[in-house]
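Listed below are the residues making up each chain.
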Amino acid sequence: MIKVQHLSKHFGSVKAVDDISFEVQEHENLILLGTSGCGKTTTLKMINRLIEADGGKIFINNKNVTEQLPEALRLGIGYVLQNNGLFPHYTVAENIAVVPQLLKWDKKKIEKRTTELLEKLHLSADYLKAYPNELSGGQQQRIGLARALAADPAVLLMDEPFGALDNVTRSKIHAEFKALDELKRKTIIMVTHDVQEAFELGDRICLMDKGKIIQDGTPAELLFKPQNDFVKEFLKEQRLLLKFKTITVKSLWHLLSNEEIKGLGPGILVNDKDDLWTVLERSTFFNAERLNMMNLENKEMKTVSFESLMSAFYQYQKGDSHE
Amino acid sequence: MNEHQQTLWEFMRQQSDKLAEQTLQHIGLTFISLFIAVLIGLPLGIFISRRKQFSAGILGVAGVLQTIPSIALLGFMIPVLGIGPKPAITALLLYALLPIIRNTYTGITGVDAAIKEAAVAMGMSKWQVLFKVELPLAMPVIFAGIRTATVITVGVATLASYIAAGGLGEFIFGGISLNNTNMILAGAIPAALLAILFDFLLSRLQKLDSRKLKLAAFSLPVILILLSSFYLIPATYATKLKAGFTPEFMGRQDGNLGLQSKYGLHINTVVISDAVMYKAAYEKQLDVISGYSTDGRLKAYGLVVLNDDKKIFPPYYAAPIVREDALVKYPELENTLNLLAGKINDSVMTALNYRTDYLHQTPERVAKDFLIDHKLFKPARNGNAGVIRIGSKIFGEQYILANMYSMLIKGYTDYDVSTKTGLGGTKICFDALTNNQIDFYPEYTGTGLLAILQPQVKVVDSLTPNRDATYQYVKDQFDKKYQVKWLKPIGFNNAYALMMRAKQAEKLNIKTISNLKRYLESK
């Protein structure tokens, strides 16, 4: 869907982006991860030509972006900014309608789309007439997302979209983000410096440093098959947490066996797509003794204790490092 | 003049037609200039916000324009644009440009970069970003600039009366020269109220929310054009010749009023400052002007004085007028000042004025040369027996006289001198004298009689033809009323006079004011 080939950009003598190439598949969510100054935002902005590249090519749907008018190109790409960049002189409704207006949709269609989006993002229709400064940070960011989605573009670029939010609001929006159907049909490139966010939301992660891509792979690949010390070092602090978030019940399934648990404590139902972190959170919350696991593919059920799940996890890690 | 002192209210009621006309002219002038300034300033401001390399240059030029003294700017424009509304509007709009350009530039460059980036990233074109995002967000700052420009323009528009473009300045400057406080206030109060009113209205407009602001943005040009249309060029009857009279001359018995009542002279007249009047006559913008008979520019611009055959201009013999307490305090002062008495006649004074007005020699040099030629000059003694404060009005002849007196006092006595030259008109000078801010200044008998004493018409009529009688009358009255003493006359008579270009006067065979009247009435 999106192909980036030998892309370069320098500001003066500083090479901000240094000959990078990557591809994003349709409906994939690619994260550009790295510290500030690593070139991730510059890379993102070259895709919708907010910044013009010095070298290399970018194709979207096999069309070279530099062969299109920048305005026409951008109308087909949703863009979400860190500080939402909402127009303070427009109401929420007008903000969401910006791109449809530019595309000259008729009034009714715009109205319908706006209400629909607001509903999907769990915002009351009362906000339509409000101005951005009357909303909370989380609400503003949702409107920013709605504005980017309004004309239903196939590609969505997001520049640190949740960077300005507090932790509680952020994890809430993360959950919504993952649940939003509309986003599952999009090809997304998202820039972040937050490792957890990258692992939580990304199908694939490009870890960048000094204008180069250090490793390009799935979260599990980054975690368990780090290309070099830089990758290891980058993920070190949150390694355990990331593992819990990356490993799903499914990947431990062959290490788990059904067992009889005699205690009278409550049990919880877990499916094999849940990651260990979710299981851990829920079993702690319910003080569960029995974890009833279901394999969604063959409907097989396994009941295990928390201790057996943990030992399977350690076994999995050991096996993994032998590979 | 009547015994009863006229109140401001009575004056305004009596002059209500003129007041209304001047106020409308003032509003019109202000808004035409403002409208054009917005038309020029807004695009310029947008331009330099796009091409920042030009911003320093353009803001610099607009800043320099702002610092040029208004009367100088008006003077520069006469050769190019003549007199009347065109140069006035041009000058006003030049003054209004800076705040409009600067605030447009500041407003647009001040829009949050993230918002601009969002607009571009949404797929807006440059113009869409400008009209949908930058301009609406910069509007409060731009509005503040327009407000500043409005207040400046209302103020500077008073100066339009200097070059025959009307407005409330006619009352203000007429009042200053005529020593008529009511007339000054009748111009100044409405001008101040206009400034406050427009500022208030624009501030209300600025506080409207953005939705209503869109409406305002459309209605503003309409309102501006509407207000501009108040400015109808002073429509008087057209005659073959065009006259330009100073505001002072317009309101005086021995000026335009006398011309109308005694000669029956009716001529298409505009009000103009004496600073630019002579030049305007020379440039053929005007045909008849009200000058002073000893003015150096008479010679410089090839003008002739029309003979006052019915003797309506009273004699204007110049003499120093001194506070009596100063004469007591500085006993040598009177004799020193009288050294000049009878020394300068009309042609000598015109020649001296010619040297300053046309040859651009400094008044100091002209004064010193004269004193040396007449063997009156003595080097300064640098004494410190007290400081004498000399005043002068704001034109060349007075500067020369003030310099002569200063040199005489320093050379002949042990007093030191401080000069306060350039005290506006008669009123400012005389008020400075009676309020003990200066000790003496050169005054003219006719001015003392008509502008300061303002006696009844009968008295004026009996005195006017006789030079000595006028001098004696003002001398006695000043002594009695103000404790101010008229010293001996210097010799020349700087009376009012009607002037024309010499060539034109010869061609039309006009030598006297009666000739002029006959020419105007002939078909």
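Residues numbered from 1 in each chain as written. Chains lettered and ligands numbered in written order. Predicted model: local features only at pLDDT ≥ 70, side-chain atom pairs only at ≥ 80, totals over all residues. Heavy atoms only, no water.

Put simply, the rule is: UniProt positions are given in the numbering used here, feature names are shortened, and annotations may be inferred rather than shown by experiment.
Chain B goes by Osmoprotectant transport system permease protein in an unreviewed UniProt entry, where it is assigned to Mucilaginibacter frigoritolerans. Listed under Subcellular location (unreviewed entry) in UniProt, the entry text for chain B is "Cell membrane".

Per an unreviewed UniProt entry, the recorded name for chain A is Osmoprotectant transport system ATP-binding protein, and the organism is Mucilaginibacter frigoritolerans. UniProt, in its Sequence similarities (unreviewed entry) section for chain A, records the words "Belongs to the ABC transporter superfamily."

### With respect to the pattern of salt bridges
The line we're drawing: The term salt bridge refers to a side-chain nitrogen of Lys or Arg lying within 4 Å of a carboxyl oxygen of Asp or Glu. Counting from the N terminus, the helices are DSSP H or I runs at least four residues long and the strands are E runs at least two residues long. Buried, partly exposed and exposed residues are distinguished by accessible area as a fraction of the type maximum, computed with a 1.4 Å probe on protein chains only: under 20%, between the cut-offs, and over 50%, respectively.
A full pass over the atoms with the stated rule returns 33 salt bridges over all chains. In this structure, Glu-182 of chain A and Lys-120 of chain A form a salt bridge, with 2.5 Å as the shortest nitrogen-oxygen distance. With Glu-182 of chain A in helix H8 (residues 181–184) and Lys-120 of chain A in helix H5 (residues 107–120), this pair connects stretches of sequence that are 62 residues apart. Relative accessible area serves as the criterion here: at 1%, Glu-182 of chain A is assigned to the buried category. With a shortest N-O distance of 3.1 Å, Arg-501 of chain B and Asp-287 of chain B are connected by a salt bridge. Note that Arg-501 of chain B is positioned in strand S10 (residues 496–501) and Asp-287 of chain B in the loop between helix H13 (274–282) and strand S3 (288–292), a separation of 214 residues in sequence. Taking relative accessible area as the criterion, Arg-501 of chain B reaches 11% and is therefore assigned buried. Here the residues in one salt-bridge network are Arg-113, Glu-116, Lys-120 and Glu-182 of chain A, joined through shared partners.

### Some thoughts on the UniProt feature "domain: ABC transporter" (unreviewed entry) in chain A
Taken from the UniProt record, the annotation "domain: ABC transporter" (unreviewed entry) applies to residues 2–235 of chain A. As annotated, residues 2–235 of chain A has a helix share of 38% and a strand share of 26%, and its two end C-alpha atoms lie 27 Å apart.

### With respect to the nonpolar core
Test applied: Grouping buried Ala, Val, Leu, Ile, Met, Phe, Trp, Tyr and Cys residues that are joined through side-chain atoms within 4.5 Å yields what is termed a nonpolar core.
Formed by 151 residues in total, the largest nonpolar core has its most connected members in Leu-259, Leu-498 and Leu-516 of chain B. It is helix H5 (residues 85–109) of chain B that provides the largest number of residues to this core, a total of 14 residues. Counting 61 residues, the second-largest nonpolar core is a separate cluster that includes Val-92, Leu-121, Ala-148 and Leu-180 of chain A.

### Looking at the environment of Ala-164 of chain A
Residue and element names in this part refer to chain A. How we decide: Note on contacts: a residue pair qualifies if any of its non-hydrogen atoms lie within 4.5 Å across the two residues.
Residue placement: Ala-164 occurs in the loop between strand S7 (155–159) and helix H7 (167–179). Separated by 21 residues in sequence, Ala-164 and Ile-143 have C-alpha atoms that sit 14 Å apart. With sequence-adjacent residues up to four places away left out, Ala-164 is seen in contact with Gln-82 and Asn-83.

### Quick notes on the pairing of S7 of chain A
Residue and element names in this part refer to chain A. Counted only if it meets this: Pairs of strands are assigned from DSSP output, requiring at least two bridges between the strands.
For S7, the buried fraction is high: five of the five residues fall into the buried class. Burial along S7 is two-sided: the face carrying Val-155, Leu-157 and Asp-159 and the face carrying Leu-156 and Met-158 are both buried. Of the strand pairs in this sheet, strand S6 (residues 77–80) and S7 are connected by four bridges, and their pairing is parallel. Looking across to S7, one finds that Ile-77 is bridged to Val-155. As defined by bridge partners, S7 adjoins strand S8 (residues 187–192) across five bridges and the pair is classed as parallel. Its bridge partner being in S8, Asp-159 is matched across the sheet by Val-191.

### Observations regarding the interface of chain B and chain A
Test applied: Residue type decides the class: Asp, Glu, Lys and Arg count as charged, Ala, Val, Leu, Ile, Met, Phe, Trp, Tyr, Cys and Pro as nonpolar, and the leftover types, Gly among them, as polar.
Between chain B and chain A, the residue contacts involve 19 residues of the former and 22 residues of the latter. Our count for the chain B to chain A interface comes out at one salt bridge. Taken together, the elements giving at least two residues each to the side of chain B that touches chain A come down to helix H6 (113–121), helix H7 (126–156) and helix H10 (210–228) of chain B. Here the side of chain B that touches chain A gets seven residues from one element, more than from any other, and that element is H6 of chain B. Along the lines of polarity and charge, the residues of the side of chain B that touches chain A split into eleven nonpolar, four polar and four charged.

### Some details on the sheet that holds strand S4 (residues 303–305) of chain B
The pairing of strands in a sheet happens through backbone hydrogen bonds and is either parallel or antiparallel. Residues and elements named next belong to chain B. Here is the rule we go by: Note on geometry: axes are lines fitted to C-alpha atoms, helical ones only across the stretch in contact, with angles between N-to-C directions running from 0 to 180 degrees.
Pairing is mixed across the open sheet formed by five strands, whose spatial order is S2-S1-S3-S10-S4. This sheet does not close on itself; its edge strands, each paired only once, are strand S2 (268–271) and S4. Strand-to-strand twist of the sheet, defined as the mean angle between neighbouring strand axes without regard to direction, takes the value 35°. Here three bridges tie S4 to S10, and the two strands are oriented antiparallel to one another. Residue pairing for S10: Val-304 is matched across the bridge by Met-500.

### Remarks on the domain arrangement of chain A
Worth spelling out the cut-off: Where each domain begins and ends follows an automated or database-derived domain assignment.
Assigned domains within chain A: domain 1 (2–237) and domain 2 (247–322). The straight-line distance from the C-alpha centre of domain 1 of chain A to that of domain 2 of chain A is 34 Å.

### A word on the packing of aromatic side chains
For clarity, the threshold we go by: Any pair of Phe, Tyr and Trp rings, taking the six-membered ring for Trp, is counted once the centres come within 6.5 Å. Such a pair is stacked with planes under 30 degrees apart, edge-to-face with planes over 60 apart, and tilted for the rest. Only when the NZ atom of a Lys or the CZ atom of an Arg is both within 6 Å of the ring centre and within 35 degrees of the ring normal do we say a charge sits over the ring.
The final tally for this structure, using the stated rule, is 25 aromatic pairs over all chains. When the ring of Phe-285 of chain A is compared with that of Phe-286 of chain A, the centres are 5.1 Å apart and the planes differ by 85°; the resulting orientation is edge-to-face. Among the residues examined, Phe-285 of chain A registers a relative accessible area of 67% and is labelled exposed. Members of the aromatic cluster, joined through ring pairs, are Phe-245, Phe-249, Tyr-292, Phe-313, Tyr-316 and Tyr-496 of chain B. We note Arg-147 of chain A situated over the ring of Phe-87 of chain A; from NZ or CZ to the ring centre the distance is 5.0 Å. Above the face of the Tyr-354 of chain B ring, Lys-299 of chain B is positioned so that its terminal group lies 4.3 Å from the ring centre.

### Remarks on the sheet that holds strand S1 (residues 2–11) of chain A
All names here are of chain A. An order of S2-S1-S4-S5 is seen for the four strands of this open sheet, with the pairing classed as antiparallel. Strands with a single pairing partner mark the edges of an open sheet, and in this sheet they are strand S2 (14–24) and strand S5 (63–64). When S1 meets strand S4 (residues 55–60), the two strands line up antiparallel, connected through five bridges. Its bridge partner being in S4, Val-4 is matched across the sheet by Ile-58.

### Quick look at the domain arrangement of chain B
All names here are of chain B. Applicable threshold: Each polar contact in these results corresponds to two N or O atoms within 3.5 Å; when the atoms are within protein, one needs to be able to donate a hydrogen and the other to accept it, and residues that are neighboring in sequence are counted only if both atoms are side-chain atoms.
By domain assignment, chain B separates into domain 1 (8–228), domain 2 (242–312 + 498–521) and domain 3 (318–493). Between the C-alpha centres of domain 1 and domain 3 the distance comes to 43 Å. Our enumeration of links across domain 1 and domain 3 arrives at zero salt bridges. Summed over the shared surface of domain 1 and domain 3, the result is one residue pair in polar contact (both at pLDDT 80 or more). When contributions to the side of domain 1 that touches domain 3 are tallied by element, the ones reaching two or more residues are helix H8 (169–178) and helix H9 (181–207). Per-class residue counts for the side of domain 1 that touches domain 3 are three nonpolar, five polar and no charged.

### Some points on the packing of H5 of chain B against H7 of chain B
Relative placement of two packed helices is described by the angle separating their axes and the distance separating the axes. All names here are of chain B. Heads up, the rule is: For classification purposes, an angle smaller than 35 degrees is called roughly parallel, one larger than 145 roughly antiparallel, one from 65 to 115 roughly perpendicular, and anything else oblique. The handedness criterion is simple: a crossing whose near helix is rotated anticlockwise from the far helix by less than a right angle is left-handed, and one whose near helix is rotated clockwise is right-handed.
As a packed pair, H5 and H7 sit with axes 7 Å apart at the nearest point and diverge in direction by 150°. Considering the angle they form, H5 stands roughly antiparallel to H7. Classified by chirality, the crossing of H7 by H5 is right-handed. Here the residues of the contact of H5 with H7 sort into 16 nonpolar, six polar and one charged.

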